Amino acid sequence: MKRLILTRHAKSSWDDPLTPDHDRPLNDRGKAAAADLGQWLASRGHIPGEVLCSDALRTRKTFSGIAPALPGTPVLELKPALYHAGPDVMMAVLRHASADTVMMIGHNPGIAEFAARLVAHPPANAEFARYPTGATLVAEFDVDDWSKVSYGTGVTVDFVIPREIVA
């Protein structure tokens, strides 16, 4: 059994319109949301052994906000291919994962489509299709190796958006 924690980066800052998209940081709401997500993941036992993360600043900072709440130190792998990746690129990256529980942090619109294509049945949450900032899906796959994962085979375990987390 393999478990995927699929997270869209937290809310980013648009304060400086000259900042390149790749270099946008998190805003204060995003920083708080990332910390809340970390607490939520830890409280539910969703602990990644490996993190596949876009190399954009906002995805890296999202993980930096989540990480303090997690027991242990998951292996962080920055994956430039995940920057604004579509579902097929995300699947290709995931198929090379090695831990039993993997977290992937990416961007819309690709991550929303990837999430929708992964699970056999979407969670009963109206926000799932939109996959807003900080949205996190936890899905399990009945495979022994990530290379065997395919679309439509994931079982939804959990789904949350930051504003639903009650700290």
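The structure under discussion appears in the preceding block.
So, how was this worked out
- Residues numbered from 1 in each chain as written.
- Predicted model: local features only at pLDDT ≥ 70, side-chain atom pairs only at ≥ 80, totals over all residues.
- Heavy atoms only, no water.
- Buried < 20%, exposed > 50% of the residue type's maximum accessible area, 1.4 Å probe, protein only.
- Helix = DSSP H or I, 4+ residues; strand = E, 2+ residues; numbered from the N terminus.
- Pairing = 2+ DSSP bridges.
- Right-handed = clockwise from strand over helix to strand, strands pointing away.
- Salt bridge = Lys/Arg side-chain N within 4 Å of Asp/Glu carboxyl O.
- Phe/Tyr/Trp six-rings, centres within 6.5 Å; stacked < 30°, edge-to-face > 60°.
- Lys NZ or Arg CZ within 6 Å of the ring centre and 35° of its normal.
- Contact = heavy atoms within 4.5 Å.
- Lys, Arg positive; Asp, Glu negative; His and termini not counted.
- Polar contact = N/O pair within 3.5 Å; in protein donor to acceptor, adjacent residues only side chain to side chain.

1. Section: the pairing of strand β2 (residues 50-53)
Okay, so step 1: Going residue by residue along β2, you find Glu-50 and Leu-52 tucked away on one face and Val-51 and Cys-53 tucked away on the opposite face as well.
Okay, so step 2: In this sheet, strand β3 (residues 75-78) lies alongside β2 in parallel orientation, the contact comprising four bridges. Counterpart to Leu-52 in the pairing with β3 is Glu-77.
Okay, so step 3: In this region the chain leaves β2, passes through helix α2 (residues 57-66) and returns to the parallel neighbour β3; the handedness of that crossover is right-handed.
Okay, so step 4: Relative to strand β4 (residues 101-106), β2 runs parallel, the two sharing four bridges. Across the sheet, the residue bridging to Leu-52 is Met-104, located in β4.

2. A closer look at the pattern of salt bridges
Okay, so step 1: Per the stated rule, a full pass over the model turns up 11 salt bridges.
Okay, so step 2: For the salt bridge of Lys-2 with Asp-100, the shortest nitrogen-to-oxygen distance reads 2.6 Å. With Lys-2 in strand β1 (residues 2-8) and Asp-100 in the loop between α3 (87-94) and β4, this pair connects stretches of sequence that are 98 residues apart.
Okay, so step 3: Residue class for Lys-2 comes out buried when judged on its relative accessible area of 7%.

3. Side note on the packing of aromatic side chains
Okay, so step 1: Counted according to the given criterion, the structure contains five aromatic pairs.
Okay, so step 2: With 6.4 Å between their ring centres and 85° between their planes, Phe-114 and Tyr-151 make a pair best called edge-to-face. Here Phe-114, found in helix α4 (residues 110-118), pairs with Tyr-151, found in the loop between β5 (136-141) and β6 (155-160); they are 37 residues apart in sequence, far enough to count as distant.
Okay, so step 3: Given a relative accessible area of 0%, Phe-114 falls into the buried group.
Okay, so step 4: Through a chain of ring-to-ring contacts, three or more aromatic side chains come together here, namely Phe-128, Tyr-131 and Phe-159.
Okay, so step 5: Here the guanidinium or amino end of Arg-24 rests over the ring plane of Trp-14, the centre of that ring lying 3.7 Å away.
Okay, so step 6: Residue placement shows Arg-117 over the ring face of Tyr-151; its charged tip is 4.1 Å from the ring centre.

4. Brief notes about the environment of Gly-65
Okay, so step 1: The topology assignment puts Gly-65 in helix α2.
Okay, so step 2: Considering only alpha carbons, one finds Gly-65 and Ala-35, 30 residues apart in sequence, at a separation of 4.9 Å.
Okay, so step 3: In this structure Gly-65 touches Ala-34 and Ala-35, once residues within four positions along its chain are discounted.

5. Quick word on the side chain of Asp-55
Okay, so step 1: Relative to the assigned elements, Asp-55 resides in the loop between β2 and α2.
Okay, so step 2: Buried within the structure, Asp-55 lacks any salt-bridge partner; Arg-60 is the closest side chain of opposite charge, at an N-O distance of 6.5 Å.
Okay, so step 3: A distance of 2.9 Å separates polar atoms of two side chains, one belonging to Asp-55 and the other to His-22.
Okay, so step 4: Not counting chain neighbours up to four residues away, the residues in contact with Asp-55 comprise His-22, Arg-60, Leu-78, Lys-79, Pro-80 and Tyr-83.

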